[in-house]
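# Examination of the molecular architecture
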Amino acid sequence: MMLLNKSIIIIRRIGARKHLPNSRKGMRKLKRKTLYFTCIIISSLLFLGAEDGTVYVTNSGKRYHREDCRFLSRSKIPVTLEDALYSGYEPCTACNPPARSAGSSAPPDPRKPVRSRELYRANQVNPAKTGDVQISQMLPAEVVGHIDGDTVRVRIRNPPPDINTVETIRMIGVDTPETVHPNRPVEHFGREAGDFTKERLLGKQVYLAFDWDLRDRYGRLLAYIYTGDGLCFNAALIHEGYGYAYSSYVFQFKDEFEALERLAMQAERGLWRGMDRRRDR
Ligand SMILES: [Zn+2]
């Protein structure tokens, strides 16, 4: 600012020497213009510093990082800056990530409860496909237990108020053959579906997205499970032929899941092996 004032004074002197009586008005105009552009430059610098609000955390670390930090060589999980701060992560001292998100003047108060509207709800975002959703805005969770093809147990660090630290997740829109029903035998392909889910998800970091209803009548959390590579696991189960599209309830990706089921059926993948011919009879 001092430099700016100095240059204005210098410009004013030169101007005053060159064209004397008219210059005062022009100088005022020039000063206003210079100030205006300086404001633009300063605000764009501030904006660049905050970037797009995505930072990266690791599986085990307590700090969050910029995308290119050397501490991200083992695991790299994108989260919003707000989530990182809320979950108690500290900024990395090596890569100096932004300390707060653009627009908010203070870091979120960890005692302040997160409102449920902050949960990523697919029906509110209205993406056309499961691949169009933003996993960085979802609720991160770790799969700590496996129940069957469409149901897992997860642990959630610093859960929002409507959600517990450990939850049973029933995946939205997919139904895999039963393996654990007390009064029913293991259904065709139930064990394969269970193994597929266990192999792909157990011990992994996942991201949860929700839809209209947060829970089913058994109190299980209803969610879409996304893996770190942005894949919707619910959709993958259907596409690979490990489960059926569960169309008794409305959900955001109903059409998409039914189309995936048709593909799996046509290709006779998984439980559809030899099944569609049996159906047609
Ligand atoms: Zn770092």
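Residues numbered from 1 in each chain as written. Predicted model: local features only at pLDDT ≥ 70, side-chain atom pairs only at ≥ 80, totals over all residues.

### Re the nonpolar core
Applicable threshold: Under the definition applied here, buried Ala, Val, Leu, Ile, Met, Phe, Trp, Tyr and Cys residues are grouped into a nonpolar core through C-beta atoms within 7 Å. Think of it as a crowd count around each C-beta: if 20 or more other C-beta atoms lie within 10 Å the residue is buried, if 12 or fewer it is exposed, and in between it is partly exposed, with C-beta placed from the backbone throughout. A run of DSSP states H or I qualifies as a helix once it reaches four residues; a run of E qualifies as a strand once it reaches two. Both are numbered from the N-terminal end. Placing a C-beta atom from the backbone of each residue, one calls two residues in contact when those atoms lie within 7 Å.
Judged by nonpolar contacts, the single largest core of 45 residues is most densely connected at Leu208, Ala209, Ala223, Ile225 and Tyr226. Tallying contributions element by element places strand S10 (residues 221-227) first for this core, with five residues. Aside from chain neighbours lying at most four places away, what touches Ala209 is Tyr120, Ala122, Val133, Met138, Ala223, Tyr224 and Tyr226. Among the nonpolar cores identified, the runner-up in size contains eleven residues, and Val79, Leu85, Tyr86 and Tyr89 belong to it.

### Quick look at the environment of Phe71
Among the secondary structure elements, Phe71 is positioned in the loop between strand S2 (63-64) and strand S3 (77-80). C-alpha of Phe71 to C-alpha of Thr58: the two residues are 13 residues apart in sequence and 8.4 Å apart in space. If we ignore the near neighbours within four places in the chain, the residues touching Phe71 are Thr58, Gly61, His65, Cys92 and Ala94.

### Observations concerning helix H7 (residues 254-266)
Each α-helix turn comprises 3.6 residues. Residues three or four places apart therefore point the same way. Our working rule: What a helix is expected to span follows from its residue count: subtract one and scale by 1.5 Å.
Taking 1.5 Å as the rise per residue, H7 with 13 residues should run 18 Å; its terminal C-alpha atoms sit 18 Å apart, in good agreement. Packed against the buried residues of H7 are strand S8 (174-175), helix H6 (233-239) and strand S11 (244-245). Just downstream of H7 lies Glu268, where phi reads positive at about 55°.

### Description of the sheet that holds strand S6 (residues 151-155)
As a reminder, the rule being used: By definition, two strands form a pair when at least two bridges between them are found by DSSP. Axes here refer to lines fitted to C-alpha atoms; in helices the fit is confined to the stretch in contact. Angles between the N-to-C directions go from 0 to 180 degrees.
Strand order in the closed barrel formed by five strands is S5-S6-S7-S10-S9, with mixed pairing between adjacent strands. Going across the sheet, the axis of each strand differs from the next one's by a mean of 55°, ignoring polarity. Contacting strand S5 (139-148), S6, strand S9 (205-209) and S10, helix H5 (residues 190-201) runs over the sheet at an angle of about 145° to S5.

### Considering H5
We apply this condition: To obtain the arc, one takes the directions from the helix axis to the C-beta atoms.
Between its terminal C-alpha atoms H5 stretches 17 Å, which fits the 16 Å expected from twelve residues at 1.5 Å a residue. Listed in full, the buried residues belonging to H5 are Gly190, Ala193, Gly194, Phe196, Thr197 and Leu201. Each buried residue of H5 lies within a common arc of 160° when the element is viewed along its axis, so the set occupies one face. Structurally, H5 contributes buried residues whose contacts are with S5, S6, S9, S10 and H6. In the stretch just after H5, Gly203 is the one whose phi turns positive, near 80°.

### Details of the pairing of S10
Of all seven residues in S10, five are buried, a share of seventy percent or more. Where strand S7 (residues 166-171) and S10 come together, three bridges link them in parallel fashion. Across the sheet, the residue bridging to Ile169 is Leu221, located in S10. Note that S9 and S10 share four bridges and pair antiparallel.

### Brief notes about the pairing of S7
In this sheet, S7 lies alongside S6 in antiparallel orientation, the contact comprising five bridges. Counted as the bridge partner of Arg153 is Thr168 from S7.

### Here's the deal with the environment of Ile156
Mapped onto the fold, Ile156 is located in the loop between S6 and S7. A count of 19 C-beta atoms within 10 Å places Ile156 in the partly exposed class. Residues Ile156 and Val144, spaced twelve residues apart in sequence, show a C-alpha to C-alpha distance of 10.0 Å. Residues in contact with Ile156, not counting those within four places in the same chain, are Leu139, Ala141, Ile163, Thr165 and Glu167.

### Comments concerning unusual backbone geometry
The backbone of Asn96 sits at a positive phi, close to 50°, despite the residue not being glycine. Position of Asn96 among the secondary structure elements: in the loop between strand S4 (90-91) and helix H4 (122-125). According to the C-beta neighbour criterion, Asn96 is exposed, with 12 such atoms within 10 Å. Its identity as a non-glycine residue notwithstanding, Asn158 has a phi of 45°, on the positive side. Note that Asn158 resides in the loop between S6 and S7. Using a count of 13 C-beta atoms within 10 Å as the deciding quantity, one classes Asn158 as partly exposed.

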